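# Understanding the architecture of this molecule
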Amino acid sequence: MVSVPKDELKRKGFHLLSLIYAFGYWHLAKSTVIWGLAIAVTAVALLEILRFNVSACNEFFCKNFKGFYREEEAKKISGLIGTLSGALITILIFPNKYMVMGSFLYLAFGDSAAALIGRTFGRHKIFSGKSLEGSIACFAACLAAGLFLFNWKFALAGAAIATVVEAVPWPINDNFWMQILNAGLLTLLGTVIIWAI
């Protein structure tokens, strides 16, 4: 019987908390979300500085938040700062609410599905440790999320784009790049394909 790695399940469950700022972005004033994310990025950055300068603090976080922190993050910046700062930059750069929201949903659901399915069932590696199974799961999750925002043609194209963006190995945290690139590529796609439902 195949089981989902417990640490990955915890991490991706935590990943879904990004829906908090996505929900806020959809329902609150843009300036409120920008300030909220700026404060969150600052708080996490200060915590990371503390973690790297006080070994007992780093040990505490790595031990008590095992699963949220990957082993390699014990000595480098956690993915949380990439997720939050990527969201902040995405909101600041792109004006279309639907494209930004699409990029947030692709990260929350697509990236999570890719990791959970890929790490559990991934047998056919495509590159950089990514699997065909994970990419198919990413595509399906992004398509389902996209159908809440876009017409089916745009949702299909957007899911394909998000799947490629998720599968490419990035030099910096993929949670940072996924939101920015997906919002940018969806914005470009919107110039050639009608996206409204």
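Residues numbered from 1 in each chain as written. Predicted model: local features only at pLDDT ≥ 70, side-chain atom pairs only at ≥ 80, totals over all residues. Heavy atoms only, no water.

## Side note on the pattern of salt bridges
Scanning the entire structure with this criterion turns up two salt bridges. Two residues, R51 and E48, come together in a salt bridge whose shortest N-O distance is 2.9 Å. A residue pair is termed a helical-turn pair when its members lie 3 or 4 positions apart in one helix, as R51 and E48 do in helix α3 (residues 30–53) at three residues. Accessibility expressed as a relative area gives 1% for R51, which makes it buried. Classification of E48 as buried rests on a relative accessible area of 4%. For E166, the salt bridge goes to K130, with nearest N and O atoms at 3.1 Å. Here E166, found in helix α8 (residues 152–167), pairs with K130, found in strand β2 (residues 130–131); they are 36 residues apart in sequence, far enough to count as distant. Exposure remark for E166: the relative accessible area of 5% places this residue in the buried category. (Salt bridge = Lys/Arg side-chain N within 4 Å of Asp/Glu carboxyl O. Helix = DSSP H or I, 4+ residues; strand = E, 2+ residues; numbered from the N terminus. Buried < 20%, exposed > 50% of the residue type's maximum accessible area, 1.4 Å probe, protein only.)

## Details of the packing of aromatic side chains
Applying the stated rule across the entire model yields seven aromatic pairs. Ring centres 5.1 Å apart and planes at 85 degrees place the aromatic pair Y21 and F104 in the edge-to-face group. On the criterion of sequence distance, the pair formed by Y21 in helix α2 (residues 18–27) and F104 in helix α6 (residues 97–121) is long-range, its members being 83 residues apart. For the residue pair Y21 and F104, the accessibility class agrees, reading buried in each case. A ring pair is formed by F176 and W177, whose centres lie 5.1 Å apart and whose planes are at 85 degrees; its orientation type is edge-to-face. On the accessibility criterion, W177 (26% relative accessible area) is partly exposed. Here K97 stacks its cationic end above the ring of W26, 5.1 Å away from the centre of that ring. (Phe/Tyr/Trp six-rings, centres within 6.5 Å; stacked < 30°, edge-to-face > 60°. Lys NZ or Arg CZ within 6 Å of the ring centre and 35° of its normal.)

## A look at the side chain of T90
Inspection of the secondary structure assignment puts T90 in helix α5 (residues 79–93). With residues up to four places along the chain from it excluded, the contact list for T90 reads V100, S103, F104, Q179, I180 and A183. (Contact = heavy atoms within 4.5 Å.)

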